[in-house]
Amino acid sequence: MLNQFESVSYGDLLFGNFILFPLQQHYSNRWKKVLFNDYPQVLQFLRVPFSELLIPLSNYLEPFETDIDVLLDYCKFLMMGTLTHMRCPVFIFNGCSPYKSFYIYQT
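Residues numbered from 1 in each chain as written. Predicted model: local features only at pLDDT ≥ 70, side-chain atom pairs only at ≥ 80, totals over all residues. Heavy atoms only, no water.

Engineer: Got a sec to walk through the packing of aromatic side chains? Specific residues and values, please.
Structural biologist: Within this structure, the stated rule accounts for four aromatic pairs. Judged by centre distance (5.2 Å) and plane angle (70°), the ring pair of Phe36 and Tyr74 falls under edge-to-face. Taken together, the residues span a long stretch of sequence, with Phe36 in helix 3 (residues 30–38) and Tyr74 in helix 5 (residues 68–80) at a distance of 38 residues. Using a relative accessible area of 1% as the deciding quantity, one classes Phe36 as buried. Between Phe36 and Phe77 the ring centres are 5.6 Å apart and the planes differ by 45°, which places this aromatic pair in the tilted class. One end of the pair, Phe36, is in helix 3; the other, Phe77, is in helix 5, and 41 residues separate them in sequence. Overall, Phe77 belongs to the buried group, its relative accessible area being 3%. Taking NZ or CZ as reference, Arg30 lies 4.4 Å from the ring centre of Trp31, over its face. (Phe/Tyr/Trp six-rings, centres within 6.5 Å; stacked < 30°, edge-to-face > 60°. Helix = DSSP H or I, 4+ residues; strand = E, 2+ residues; numbered from the N terminus. Buried < 20%, exposed > 50% of the residue type's maximum accessible area, 1.4 Å probe, protein only. Lys NZ or Arg CZ within 6 Å of the ring centre and 35° of its normal.)

Engineer: Kindly report on the pattern of salt bridges, identifying the contributing residues and their values.
Structural biologist: A full pass over the atoms with the stated rule returns three salt bridges. In this structure, Asp67 engages Lys33 in a salt bridge whose closest nitrogen and oxygen atoms are separated by 3.0 Å. Of this pair, Asp67 sits in the loop between helix 4 (58–61) and helix 5 while Lys33 sits in helix 3; the two residues are 34 residues apart in sequence, bridging distant segments of the chain. By relative accessible area, which is 16% here, Asp67 ends up buried. (Salt bridge = Lys/Arg side-chain N within 4 Å of Asp/Glu carboxyl O.)

Engineer: I'd love a proper account of helix 3, names of residues and values included.
Structural biologist: Turning to helix 3, its buried residues are Lys32, Leu35 and Phe36. Along the long axis of helix 3, the arc covered by the buried residues comes to 90°, so they all point the same way. In helix 3, those exposed residues whose orientation departs by more than 90 degrees from the buried face are Arg30 and Asp38. (Arc of directions from axis to C-beta.)

Engineer: Residue-level account of the side chain of Asn29, with values.
Structural biologist: Assignment of secondary structure puts Asn29 in the loop between helix 2 (13–20) and helix 3. With a relative accessible area of 18%, Asn29 lands in the buried category. Within the structure, the side chain of Asn29 is placed 3.0 Å from the side chain of Glu65, a separation counted as a polar contact. Not counting residues up to four positions away in its chain, the partners in contact with Asn29 are Glu65, Asp67 and Val70. (Polar contact = N/O pair within 3.5 Å; in protein donor to acceptor, adjacent residues only side chain to side chain. Contact = heavy atoms within 4.5 Å.)

Structural data, given as structure tokens:
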């Protein structure tokens, strides 16, 4: 499905929402790891703005992320500039939020 999204969707909002659905926090991190490690090029096409999300943004933010591998992937893509407010609005917001909560959770 990620191959299909990357090759022919051209950032379609409905298809983007479909790709985002299993990336909610209450789903397995397996899907985030597949996206981040096997299909990182898809991130540049996930341009679903907050106003077009079919699922509340809070589902992507809570419960807080505790998987260190996913947090490191967020950090890597933030530093590389892959996650930006124009390319991946949900992930740029989601990519910054877990660090604050992870730090608070650990202290």
